[in-house]
Amino acid sequence: MRPSLESLRVLEACVSAGSFARAAERLFLTPAAVSLRIRTLEAELGQPLFERIGRRVVPTAAASVLAGRVHEALSGIADALADFQAAMPPLRLTAPPTFASRWLAPRLARYVSPVPSSIEIDVSAEVRDAHAFDVAIRTGRGGWAGLDEYRLTPVEVTPMLAPSLLGNRTLDDARTLADFDLLPHPDWERWFAAAQSKTPPGLRFAAVDYPTHELDANAAVAGLGVALLSPSLFRPLLTSGQLVAPFSCVLSGPAWHFALMRADDARLAPRQLCAWLCEQAQETA
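Residues numbered from 1 in each chain as written. Predicted model: local features only at pLDDT ≥ 70, side-chain atom pairs only at ≥ 80, totals over all residues. Heavy atoms only, no water.

So, helix α10 (residues 268–283): which residues are in play, and what are the values?
Its 16 residues place the ends of α10 23 Å apart at the C-alpha level, agreeing with the 22 Å of an ideal helix rising 1.5 Å per residue. Packing partners of the buried residues in α10 comprise β3 (91–95), α5 (97–108), β5 (135–140), β6 (147–160) and β10 (251–262). (Helix = DSSP H or I, 4+ residues; strand = E, 2+ residues; numbered from the N terminus. Expected span 1.5 Å × (residues − 1). Contact = heavy atoms within 4.5 Å.)

Kindly report on the pattern of salt bridges, identifying the contributing residues and their values.
Going through the model one piece at a time under the given rule, you end up with 13 salt bridges. Across the pair arginine 190 and aspartate 187 runs a salt bridge, and its minimum N-O distance is 3.2 Å. The exposure class of arginine 190 is partly exposed, given its relative accessible area of 35%. Using a relative accessible area of 18% as the deciding quantity, one classes aspartate 187 as buried. Across the pair aspartate 264 and arginine 262 runs a salt bridge, and its minimum N-O distance is 4.0 Å. Since its relative accessible area comes to 61%, aspartate 264 is described here as exposed. A relative accessible area of 11% places arginine 262 in the buried class. Salt bridges sharing common partners tie together Arg92, Asp134, Arg262, Asp264, Asp265 and Arg267. (Salt bridge = Lys/Arg side-chain N within 4 Å of Asp/Glu carboxyl O. Buried < 20%, exposed > 50% of the residue type's maximum accessible area, 1.4 Å probe, protein only.)

If you had to explain the packing of helix α1 (residues 5–17) against helix α2 (residues 20–27) to someone new, which residues and values would you point to?
Contact pair α1 / α2: the axes reach a minimum separation of 8 Å and the direction vectors enclose 125°. For the element pair α1 / α2, the angle class is oblique. Taken as a pair, α1 and α2 cross one another with a handedness that is right-handed. In contact with Arg9, Val10, Ala13, Cys14, Ser16 and Ala17 of α1, α2 contributes Phe20, Arg22, Ala23, Arg26 and Leu27. Of the residues in the contact of α1 with α2, the class split is seven nonpolar, one polar and three charged. (Axes fitted to C-alpha atoms, helices over the stretch in contact; angles between N-to-C directions. Parallel < 35°, antiparallel > 145°, perpendicular 65-115°, else oblique. Left-handed = near helix turned anticlockwise from the far one by under 90°. Nonpolar A, V, L, I, M, F, W, Y, C, P; charged D, E, K, R; others polar.)

Quick rundown of the packing of aromatic side chains? Include the residues and the values.
For the structure shown, the criterion picks out eight aromatic pairs. Here the aromatic rings of tryptophan 188 and tryptophan 191 are separated by 6.3 Å at their centres, their planes lie at 85°, and the arrangement is edge-to-face. One end of the pair, tryptophan 188, and the other, tryptophan 191, are both in helix α7 (residues 188–194), three residues apart, so they sit about a helical turn from each other. Here tryptophan 188 matches tryptophan 191 in class, with each residue buried. Geometry around tryptophan 256 places arginine 151 over its ring, the cationic atom sitting 4.7 Å from the centre. (Phe/Tyr/Trp six-rings, centres within 6.5 Å; stacked < 30°, edge-to-face > 60°. Lys NZ or Arg CZ within 6 Å of the ring centre and 35° of its normal.)

Could you give me a rundown of the pairing of strand β2 (residues 56–59), with the residues and numbers involved?
Where strand β1 (residues 50–53) lies against β2, four bridges are found, and the strand directions are antiparallel. Residue pairing across strands places arginine 52 opposite valine 57, the latter belonging to β2. What sits between the antiparallel neighbours β1 and β2 is a turn of two residues, in which glycine 54 has the positive phi angle 65°. (Pairing = 2+ DSSP bridges.)

I'd like a description of the side chain of aspartate 216, backed by residues and values.
With respect to the helices and strands, the residue aspartate 216 is situated in helix α8 (residues 213–221). Despite being buried, aspartate 216 has no salt bridge partner; arginine 102 is the closest side chain of opposite charge, sitting 12 Å away. (Lys, Arg positive; Asp, Glu negative; His and termini not counted.)

Describe the sheet that holds β6, listing the residues and the values that go with them.
The strand order across the open sheet built from six strands is β4-β3-β5-β10-β6-β9, with neighbouring strands paired in mixed fashion. The open sheet is flanked by β4 (119–123) and β9 (227–229), the only strands paired with a single partner. Each neighbouring strand pair of the sheet contributes to a mean axis angle of 25°, computed without reference to strand direction. Where β5 lies against β10, five bridges are found, and the strand directions are antiparallel. Across the sheet, arginine 138 pairs through a bridge with phenylalanine 258, a residue of β10.

Here's what the structure looks like:
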């Protein structure tokens, strides 16, 4: 009977560790389980592998030679796997700029893939061809043809501004925003409706329409106007006091941030990354 690779691995660990107890610690097994493996291996090979000398268990000369050959074989397997994984193409992940910097980047460093692969990040708000990415994070209401969708977090916005711009004023009514320059955003009218306020007449909008929410936030911190921003993505700016969110009304949805992958992609790596992103979203919900 040919012994199993696992039994040979236990033998190698016992010989290199110098004792069954230390081998058990190294293999995350109990000493009893190690002893049973060795007895089974001795029965399969038809000869003893260890001799008891006093209180010590010492490998036979033949067992030492066998353990050395097993060690070489296991090292060769480890090297082969390392070479194989190094040759694997990186997992291509695309995400919009603000979500990538504010939500994804702080979390991605903690990701440990069961299928080792490096991750190549493409930061862009543009919609990529489905074959130009392995996982995409995009904003919308769902329904992307040919893609599996993993719902992450709802798109949320509320007015935020610098304390220096607010001064001593208290904003207890949405209509008081008419006193400020507003940074352009397509959801201002929807936010006023959610705040149960008609859009005030004569609103003043800043002359510059910034292409990303990150730039909107920078402009708001600089006191250039009131920005409509996500309180979850920009919570660090609220915590540090660089911005304040004077209204309790937060417009949520109907758009969401989704993780997307091709429905016909049978590989494990992109699906595991999407599942992990969902777990991260649930933890911070």
